[in-house]
Amino acid sequence: MRPLVAHIDLDALRHNYRLACEAAPDSRAVAVIKADAYGHGALACARALSRAAKPAPAFAVACLEEAVALREGSVKAPIMLLEGIFEAAELEQVDALGLWLAVHSQWQVDALLAFAPRAPITVWLKVDSGMHRLGFPPPLVPAVWSRLAAAKEHVTQLHLMSHFATADSADERYLQEQMRCLQALAEQLQAPSCLANSPATLGWPVTHGAWNRPGVMLYGSDPLEVPNALSRRLEPVMTLRSRIIAVRELDAGEPVGYGGRWRASRPSRIGVVACGYGDGYDRHARDGTPVLVDGRRAPLAGKVSMDMLTVDITDHPVADIGSEVVLWGRADNGAVLSVDEVARYCDTISYTLLTGVLPRVPRRYHGAFCE
Ligand SMILES: *Cc1c(COP(=O)(O)O)cnc(C)c1O
């Protein structure tokens, strides 16, 4: 069997969820598990978080299809559709499956008020407080709010929802601007709010509302540009692990891989690892991108291929065919290589690396209650 496996530590996931709760003790946390729980397996993650000492009271996904898959897997908790419906016909299933609905556009309000649900629907009215992506412009919000609040047959439990553009940054000016707009609305409407993503949950208590929406932090990625005492306690959930399948001995001056991008500056040993961009490992990884070989850092050497990548193991004389290679996550000896650090070498963010692990990489689940 090919040795590449994405190991998923469900105990670490529960630990990170508890950290989100600890960071915001007066809020409840909707666990964001869109995009197959950022590549970790939405069903397994939802089940693990449902069976925690303090179970997640709700989940959030991007679309109806993702919510249906969770219900089919017997996930019973409320599930929020972060972008609401994409067409009016979806309201049938929103009602039947007891989903929570974000409402960001006038056509969604009209569709909701033209639909007769069996039970009134929990609604999250999305305000565009500065992200300028989804949501109502603030001056329109009070009128939309009143209309929804008056529609008792259609709507129960109305909340304000918004999203931050810069919560990961140490520069708080734009976040404060968004907060001023949101606080004014929440006060005027006496509305419970749901604003905080992962960086706001960990870094900006002023944003904490009745509900928060942590996502990437649940998977152990530090969302803050400048880590803080809480974010440093995050545990990696995914370990992308493989092995060395061949070793080459090179003379100084010899190149490695496509285009010969890397060249040996000294007599070198190159470990060939079973993992490539056909598995989702980023082809933009630069020479020097760290991996862990038997729990010790070694640098990528040469361009990533579809099924393989190459690592300079000259300084790892014991490493050989069969040696463990961790692309990110935790090695057998306990050493950690954070997906955030790997992302920096690839000019990207942890989100794309985690969601990018392709289906051909088997997921293996570990921890209490894993099936
Ligand atoms: C994805 C998403 C989140 C979670 O964001 P993280 O940065 O992963 O914590 C929260 N809210 C909305 C609307 C989202 O789309």
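Please read all numbers here as calculations on a predicted model, not as lab measurements.

Quick notes on the rules
- Residues numbered from 1 in each chain as written.
- Predicted model: local features only at pLDDT ≥ 70, side-chain atom pairs only at ≥ 80, totals over all residues.
- Heavy atoms only, no water.
- Helix = DSSP H or I, 4+ residues; strand = E, 2+ residues; numbered from the N terminus.
- Buried < 20%, exposed > 50% of the residue type's maximum accessible area, 1.4 Å probe, protein only.
- Contact = heavy atoms within 4.5 Å.
- Areas by Shrake-Rupley, 256 points an atom, 1.4 Å probe, with all protein chains shown as cover.
- Near = heavy atom within 4 Å.
- Polar contact = N/O pair within 3.5 Å; in protein donor to acceptor, adjacent residues only side chain to side chain.
- Nonpolar A, V, L, I, M, F, W, Y, C, P; charged D, E, K, R; others polar.
- Axes fitted to C-alpha atoms, helices over the stretch in contact; angles between N-to-C directions.
- Parallel < 35°, antiparallel > 145°, perpendicular 65-115°, else oblique.
- Left-handed = near helix turned anticlockwise from the far one by under 90°.
- Phe/Tyr/Trp six-rings, centres within 6.5 Å; stacked < 30°, edge-to-face > 60°.
- Salt bridge = Lys/Arg side-chain N within 4 Å of Asp/Glu carboxyl O.
- Domains from an automatic or database assignment.
- Buried area = accessible area lost by both parts, 1.4 Å probe.
- Pairing = 2+ DSSP bridges.

Visitor: Even after reading the chapter, I still don't get the overall build of the protein chain, so can you show me in this structure?
Guide: Each helix and strand counted, the protein chain has 11 helices and 19 strands in total. On the principal axes, the C-alpha backbone points of the protein chain span a range of 75 × 45 × 40 Å. A total of 371 residues make up the protein chain; the buried ones form 56% of that total. For the protein chain, long-range pairs separated by at least 24 residues make up 65% of all intrachain contacts whose partners lie at least 6 apart in sequence. By element, 53% of the accessible surface of the protein chain is carried by carbon and sulfur atoms, the whole surface being about 15900 Å².

Visitor: What's the story with the site of the ligand in this structure? I'm lost.
Guide: Lining the immediate surroundings of the ligand are 13 residues, of which Lys34, Tyr38, Ser198, Val216 and Tyr351 lie closest. In the environment of the ligand, a nitrogen atom lies 3.5 Å from a nitrogen or oxygen atom belonging to the side chain of His163. One of the side-chain nitrogen or oxygen atoms of Arg213 is found 2.8 Å away from a nitrogen atom of the ligand. Alone, the ligand offers 390 Å² of accessible surface; in the complex the protein occludes 92% of this. Split by residue class, the shell around the ligand holds six nonpolar, four polar and three charged.

Visitor: Is there a simple way to think about the packing of helix H6 (residues 106-113) against helix H7 (residues 141-150) in this case?
Guide: The geometry of a pair of packed helices is captured by two quantities: the angle between their axes and the separation between those axes. H7 packs onto H6 with a crossing angle of 15 degrees between their chain directions and a minimal axis gap of 11 Å. Considering their axes alone, H6 and H7 lie roughly parallel with respect to each other. Relative to H7, the crossing made by H6 is left-handed. When H6 is examined against H7, the residues Gln106, Val109, Asp110, Leu112 and Leu113 are found in contact with a partner set consisting of Val144, Arg147 and Leu148. Broken down by class, the residue content of the contact of H6 with H7 amounts to five nonpolar, one polar and two charged.

Visitor: Help me understand the packing of aromatic side chains, please; the structure alone is not making it clear to me.
Guide: Between two aromatic rings, the relevant description is the distance of the centres plus the angle of the planes. Using the criterion set out here, one finds six aromatic pairs in the structure. Their ring planes at 40 degrees and their centres at 6.0 Å tell us that Tyr38 and Tyr351 sit as a pair that is tilted. In this pair, Tyr38 is assigned in helix H2 (residues 34-39) and Tyr351 in helix H11 (residues 350-355), connecting sequence segments 313 residues apart. Overall, the relative accessible area of 33% leaves Tyr351 in the partly exposed class.

Visitor: Could you clarify how one ought to interpret the pattern of salt bridges in this entry?
Guide: Any two side chains of opposite charge can pair, on the condition that their charged atoms come close. The tally for this structure, following the rule as stated, stands at 16 salt bridges. Asp279 is the partner of Arg360 in a salt bridge, and the nearest nitrogen-oxygen pair spans 2.6 Å. Residue Arg360 is located in the loop between H11 and strand E19 (363-366), and its partner Asp279 is located in the loop between strand E13 (268-273) and strand E14 (290-293); the two are separated by 81 residues in the primary sequence. Look at Arg360 and you get partly exposed, because its relative accessible area is 42%. Judged by relative accessible area, which is 2%, Asp279 ranks as buried. One connected set of salt bridges, linked through shared partners, spans Arg2, Asp279, Asp307 and Arg360.

Visitor: Can you walk me through the domain arrangement of the protein chain in this structure?
Guide: Many analyses report the size of an interface as the accessible area lost when the parts associate. Considered domain by domain, the protein chain is made up of domain 1 (11-218) and domain 2 (238-366). With centres defined by C-alpha atoms, the gap from domain 1 to domain 2 works out at 37 Å. At the junction of the two partners, domain 1 supplies eight residues and domain 2 supplies eight residues. Taken together, both faces of the contact between domain 1 and domain 2 bury some 720 Å²; the carbon and sulfur share is 64%. Along the contact surface separating domain 1 from domain 2 lie zero salt bridges. At the surface where domain 1 touches domain 2, the tally comes to two residue pairs in polar contact (both at pLDDT 80 or more). Among the residues forming the side of domain 1 that touches domain 2, the class breakdown is four nonpolar, three polar and one charged.

Visitor: I would appreciate a short explanation of the side chain of Gln178 in the present structure.
Guide: For Gln178, the position within the fold is in helix H8 (residues 173-189). A polar contact of 3.1 Å, which involves the side chain of Gln178, links it to the backbone nitrogen of Ala165. Dropping the residues within four chain positions of it, Gln178 is found in contact with Ser129, Gly130, Met131, His163, Phe164 and Ala165.

Visitor: Honestly, the pairing of E13 in this entry has me stumped. Any pointers?
Guide: Remark: a regular strand shows side chains that alternate across the two faces of the sheet. The element E13 is extensively covered by neighbouring structure, given that six of its six residues are classed as buried. Here E13 shows no split at all, with Ser268, Ile270 and Val272 on one side and Arg269, Gly271 and Val273 on the other all buried. Bridging between E13 and strand E16 (residues 309-312) involves four bridges; their strand directions are antiparallel. Looking at the pairing, Gly271 lines up with Val311 of E16.

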